[in-house]
Amino acid sequence: LEDRVQVGMTVANSENSRHFYGQVLGLAEHTSLPMRDDMTRYGFNAGSSTLKFWSRPEPLANFAGALNASVGIRFVTLWVRKIDALAAALEARGAKIVIPPMQLPDARIFFAEDPDGNWIEFAEPAQ
C-alpha cells in the first residue's frame, strides 16, 4: 500500500461542499474531472490523501448526521497542529463546531460539520 488514501463522500450540493472544503477548511482543490452520465468529480488535498465527491444531475440521498443519529460512523479524521487556533479560525470562517476542542489521553480533538451534516474530526497528537 502507498501512503495515500482517497475518501469518497456523497453530498447534496457540490457547490456548497466545494466552498466548505476549499474556502472554510482551506484544502487545496484539484481540477474538476468530468465523468460519464453528466457527473463531475471534485477532489481536495488532505495531506497526502484526497477527499472527493461528485455532482450529479439528480438529487442524492443524505444519510449524514450526528455520530449517534444514524447507523454507522460517518466521519473522517484530519491530523493537524495547533488545534485550538484551528478551531477558532474555522469557526470565524463559518464552520459549525459540533464538539469543541477537548483533551483525550492520546490526542486533543474537535469536530466540525460540513454542509451535508458529515462530521470532520480534527486531531492533534498528545505532545
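Structural data are supplied above this passage.
So, here is what we can say about the structure in this document. (Residues numbered from 1 in each chain as written. Predicted model: local features only at pLDDT ≥ 70, side-chain atom pairs only at ≥ 80, totals over all residues. Heavy atoms only, no water.)

## Structural notes on the sheet that holds strand E3 (residues 40-46)
The strands making up a sheet are joined through hydrogen bonds of the backbone, oriented either antiparallel or parallel.
Then comes step 1: Spatial strand order, E1-E4-E3-E2: four strands in an open sheet with mixed pairing. Looking at strand neighbours, the two that pair on one side only are strand E1 (6-9) and strand E2 (33-34), the edges of this open sheet.
Then comes step 2: With seven bridges joining them, E3 and strand E4 (residues 49-55) adopt antiparallel strand pairing. Bridge pairing links Arg-41 to Trp-54 in E4. (Pairing = 2+ DSSP bridges. Helix = DSSP H or I, 4+ residues; strand = E, 2+ residues; numbered from the N terminus.)

## Focus: the pattern of salt bridges
Then comes step 1: Under the definition given, this model contains five salt bridges.
Then comes step 2: Among the salt bridges present, the one from Glu-15 reaches Arg-18, with a minimum N-O distance of 3.0 Å. Here Glu-15 pairs with Arg-18, and both are found in helix H1 (residues 14-24), just three residues apart, close to one helical turn.
Then comes step 3: Here Glu-15 falls in the partly exposed class, since its relative accessible area comes to 45%.
Then comes step 4: Asp-37 is the partner of Arg-36 in a salt bridge, and the nearest nitrogen-oxygen pair spans 2.9 Å.
Then comes step 5: The class of Arg-36 is exposed, set by a relative accessible area of 65%.
Then comes step 6: On the accessibility criterion, Asp-37 (49% relative accessible area) is partly exposed.
Then comes step 7: One salt-bridge network, held together by shared partners, links Glu-15, Arg-18 and Glu-29. (Salt bridge = Lys/Arg side-chain N within 4 Å of Asp/Glu carboxyl O. Buried < 20%, exposed > 50% of the residue type's maximum accessible area, 1.4 Å probe, protein only.)

## So, the side chain of Ser-17
Then comes step 1: Relative to the helices and strands, Ser-17 resides in helix H1.
Then comes step 2: Other than its neighbours up to four places away in sequence, Ser-17 contacts Val-11, Phe-53, Pro-115 and Asp-116. (Contact = heavy atoms within 4.5 Å.)

## Some remarks on unusual backbone geometry
Then comes step 1: Despite not being glycine, Asp-37 has its phi angle at roughly 60°, a positive value.
Then comes step 2: Relative to the elements of secondary structure, Asp-37 occurs in the loop between E2 and E3.
Then comes step 3: The backbone of Lys-82 sits at a positive phi, close to 55°, despite the residue not being glycine.
Then comes step 4: Inspection of the secondary structure puts Lys-82 in the loop between strand E5 (75-79) and helix H2 (83-92).
Then comes step 5: A residue is classified by how much of its surface remains accessible, and Lys-82, at 64% relative accessible area, is exposed.

## Some points on the packing of aromatic side chains
Then comes step 1: For the structure shown, the criterion picks out eight aromatic pairs.
Then comes step 2: Ring centres of Phe-110 and Phe-122 lie 4.7 Å apart, and the angle between their planes is 15°; this geometry places the pair in the stacked category. With Phe-110 in strand E7 (residues 107-113) and Phe-122 in strand E8 (residues 119-125), the pair connects residues that are twelve residues apart, well separated along the chain.
Then comes step 3: Residues Phe-111 and Trp-119 carry aromatic rings whose centres are separated by 5.5 Å and whose planes lie at 55° to one another, so their mutual orientation is tilted. Exposure class is identical for Phe-111 and Trp-119. Each is buried.
Then comes step 4: Here the aromatic residues Phe-20, Tyr-21, Tyr-42, Phe-44 and Phe-53 are joined through ring pairs into a cluster of three or more. (Phe/Tyr/Trp six-rings, centres within 6.5 Å; stacked < 30°, edge-to-face > 60°.)

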